[in-house]
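# Coordinates in review
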Amino acid sequence: MSTGNADFRDSGLVFPEGFTFGSATASYQVEGAAAEDGRLPSIWDTFSKTPGKVWNGDTGDVACDHYHRWESDLDLMAELGLDAYRFSIAWPRVIPTGTGAVDQRGVDFYSRLVDGLLERGIRPVATLYHWDLPQTLEDAGGWAARETVDAFATYAEVMGRALGNRVHTWTTLNEPWCSAYLGYGQGGHAPGRHEPAAALAAVHHLNLAHGRAVQALRATSAGDPEYSVTLNFHVLRGEGEGAGEAMRRIDALANRAFTGPMLRGEYPADLLEDTASVTDWSFIRDGDLADIHQPIDVLGVNYYSTATVRMWDGVSPKQQNDGHKAAGGGTAWPGSNEVVEFVQQPGPYTAMGWNIAPEGLEELLLSLREQFPDQPLMVTENGAAFDDVVAADGSVPDPDRLDYLRRHFTAAHRAMTQGVDLRGYFVWSLLDNFEWGYGYAKRFGIVRVDFDTLERTVKDSGRWYARLAATGILPE
Ligand code: FCB
């Protein structure tokens, strides 16, 4: 693969020695092999097979077939010169029914993957939960039920024992906001429930699952891994009269509902008040907040775009475009659905319809430093979907994605020069993959996947990223 100097000029922006350049994927989005080696369905298998839930009826049955092609995918990562790979473990491969028997074949797959990464000098960053809850657990109540937390802690123990001597960084959850509010409130994600009270119970149980998993991983990991969680922060702009109130409400539900308990050991009082008509939060038990509030080494930050909110007048048609996964949905905000509206934001947009706002990343990193001054940060996802066109020579020029990444890396660098302790950056995604409700229609990869042949082709953005990873200097 050519990453020759002739292709890209240096911008002069230098990232510090030791800064981690990585890329990310998630199990259901890339693995395929959905019924192999004892894996049982997750909520995403069920959801994607329910007519009308996913674009074109796409499923993760085959996805990128990474389960079989992992070795050549690791070679690709080595060719790109990645320092680290953020992947997730499919709970239904390891403990197919969520509780009870461990399937060693599932554990062995991840063990081989981790060894393969280490052999290639790539640090394994393993996420325990990127949304593929075993269906059996959902049938028993899912994240709305407290028992799921116990099951998750046991699963964490199993993985800590199996891989904790080799994993560099453990991440408990990916974007619990999506799991709780989209899964149980808005319904655009699996399991597709529309129960605002269950969404808030899920918030708490996911928070508790994080804390219990950190404890379980710490108790069982034989090495000295780092511990983290990944949150998708909402970077908010306000409009109209009451803009501040609209922003406060959404900030409470989207951001502080997680950072409060995880990083401060308490739920924000205003969150409890705003949601009082939905739930009394009696699912919080004595000792839960202490369990949730575990020290973590890095806070994972996923950032794609901003969101603009205003107080709804209750009369005019409500706008509902929150700039991320809940676009078009109506009930993602328990307690504030009838109060706040999300308004269309200024472009330009990616193929997801998400606005491109690199300054939002700088602002977010600075705000997190201000709120949690001693907490090191890691961008665990940033990237963009565009409708790529394969050139006649087979190459994939993707100038829009490359530009998106260059501008967001610049924003992150700017935050670092203002004192933000940012340790690394993972581009979403290594591969084009199953983009949840959008199926295979949206391509986020820096490597193209032809979903007919499963052939991989490094895009121009991938070559650009390889150069950044090799030099630590941002290429133009
Ligand atoms: C994030 C998810 C990730 C991917 C990107 C585009 O919300 O964590 O799996 O879908 O969005």
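Residues numbered from 1 in each chain as written. Predicted model: local features only at pLDDT ≥ 70, side-chain atom pairs only at ≥ 80, totals over all residues. Heavy atoms only, no water.

Once that is clear, we can look at the pairing of strand β12 (residues 422–428). Of all seven residues making up β12, six are buried, and the element is well covered by its neighbours. Sheet topology places strand β2 (residues 20–24) next to β12; five bridges connect them, and they run parallel. Each residue of the ladder has a partner; that of Ala24, found in β12, is Trp428. Direction of pairing for strand β11 (residues 377–382) relative to β12: parallel, over a ladder of three bridges. Bridging from a neighbouring strand, Asn382 pairs with Val427 of β12. Considered for its hand, the β-α-β crossover made up of β11, helix α14 (residues 399–417) and β12 is right-handed. (Buried < 20%, exposed > 50% of the residue type's maximum accessible area, 1.4 Å probe, protein only. Helix = DSSP H or I, 4+ residues; strand = E, 2+ residues; numbered from the N terminus. Pairing = 2+ DSSP bridges. Right-handed = clockwise from strand over helix to strand, strands pointing away.)

Tracing the backbone through its elements, the reader meets His189 in the loop between α8 (176–186) and α9 (196–220). Setting aside anything within four residues of it in sequence, one finds His189 in contact with Trp44, Phe47, Trp131, Cys178, Leu182, Gly183, Lys325 and Trp436. (Contact = heavy atoms within 4.5 Å.)

In this section: the site of the ligand. Taken together, 13 residues are adjacent to the ligand, and Gln29, His130, Glu175, Lys325 and Glu435 come closest. The contact in question runs from an oxygen atom of the ligand to an N or O atom on the side chain of Gln29, over 2.7 Å. A distance of 2.9 Å is found between an oxygen atom of the ligand and a side-chain nitrogen or oxygen belonging to Asn174. Its residues assigned to classes, the shell around the ligand shows five nonpolar, four polar and four charged. (Near = heavy atom within 4 Å. Polar contact = N/O pair within 3.5 Å; in protein donor to acceptor, adjacent residues only side chain to side chain. Nonpolar A, V, L, I, M, F, W, Y, C, P; charged D, E, K, R; others polar.)

Strand order in the closed barrel formed by eight strands is β2-β3-β4-β5-β6-β8-β11-β12, with parallel pairing between adjacent strands. Between one strand axis and the next, the sheet turns by 25° as a mean value, whatever way the strands run. Of the strand pairs in this sheet, strand β3 (residues 84–88) and strand β4 (residues 123–129) are connected by five bridges, and their pairing is parallel. What sits directly across from Phe87, in β4, is Ala126. Along the sheet face, α8 touches β4, β5 (169–174) and β6 (226–232) and points at about 40° away from the line of β6. (Axes fitted to C-alpha atoms, helices over the stretch in contact; angles between N-to-C directions.)

Our focus in this paragraph is the side chain of Asp388. Looking at the secondary structure, you find Asp388 in the loop between β11 and α14. At 3.0 Å, the side chain of Asp388 forms a polar contact with the side chain of Arg401. A distance of 2.6 Å separates the side chain of Asp388 from the side chain of Lys459, its partner in a polar contact. Discounting chain neighbours no more than four positions away, the residues touching Asp388 are Val396, Asp398, Arg401, Arg443, Arg448 and Lys459.

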